[in-house]
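Overview (structure and organization)
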Amino acid sequence: MNREGLISAITDTIPWVKMRGICAEIFEDGHVKLMVPAMNHLNHLGIVYAGTHFMLMEVAGAAMFLTLYGVEKFTPINKGMSIRFLKPAMTDISCELSMSSEEAQKKLKPVEERGKGNGFLT
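Every chain is numbered on its own, with residues counted from 1 as its sequence reads. With the structure being a predicted model, the display of local features is reserved for residues of pLDDT at least 70 and the display and counting of side-chain atom pairs for 80 or more, all residues being used for whole-chain, interface and lining totals. To obtain the side-chain values, all non-hydrogen atoms of the structure were included, while hydrogens and water were left out.

1. Regarding helix 3 (residues 50–69)
- In this text, helices come from DSSP runs of H or I with a minimum length of four residues, and strands from runs of E with a minimum of two, each type numbered from the N-terminal end. A helix's residues, less one, multiplied by 1.5 Å, set its expected span. In a regular helix each residue adds 1.5 Å, so 20 residues correspond to 28 Å; helix 3 covers 29 Å between its end C-alpha atoms and thus fits that length.
- Trailing helix 3 by a residue or two, G70 shows a phi angle of about 75 degrees, which is positive.

This is the structure in structure tokens:
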């Protein structure tokens with residue numbers, strides 16, 4: 001799948017994600033930055049909902065996986081996430097992830113040997 005197809009798979013094909021306005025600012029091999037506008041994601045105190053943070057992290061992780069490994073051979077499954085809030089977000093939020101091709105290949109080795117693996121983004 002080409003770059004535009006991968007971006008569309010992330011931002012356009014999942015209705016809930018598309019409705020939330022997430023967009024890819026960077027989408028390169030081993031480097032992604034996704035942004036979600038704060039508009040329509042603010043609670044009664046004007047703070048971005050925790051659920052929006054989680055959604056952005058999960059989608060960014062999937063996007064990162066796609067840039068490194070594609071969709072032909074493996075499918076990522078989120079087994080868990082944790083978040084620690086440092087300060088309230090009242091404006092647009094983004095999530096930027098990067099991984100070298102060497103690190104990506106190292107993480108892939110046990111998956112290829114066993115057919116499954118853990119700890120893609122730790």
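That shown, we press on.
2. Some thoughts on the packing of aromatic side chains
- Between rings of Phe, Tyr and Trp, where Trp is taken as its six-membered ring, a pair exists when centres lie within 6.5 Å; planes separated by under 30 degrees are stacked, by over 60 edge-to-face, and by other angles tilted. Summed over the entire model, instances satisfying the criterion amount to one aromatic pair.
- Relative to Y69, the ring of F65 has its centre 4.9 Å away and its plane inclined at 55 degrees; by these criteria the two rings are tilted. Residue F65 and its partner Y69 are both found in helix 3; the two are separated by four residues, about one turn of the helix. The pair formed by F65 and Y69 is uniform in burial state, with each residue classed as buried. Buried residues are those whose accessible area, probed at 1.4 Å on protein chains only, stays under 20% of the maximum for their type, while exposed residues exceed 50% and partly exposed ones sit between those limits.

3. With respect to unusual backbone geometry
- In this model, N40 sits at a positive phi of 70 degrees, which is unusual for a non-glycine residue.
- For N40, the position within the fold is in the loop between strand 2 (31–36) and helix 3.

4. Some remarks on helix 1 (residues 3–11)
- If you check which residues of helix 1 are buried, you get L6, I7, I10 and T11. Down the axis of helix 1, the buried set is contained in an arc of 120 degrees. They therefore lie on one face. The arc in question is formed by the directions pointing from the helix axis toward the C-beta atoms.

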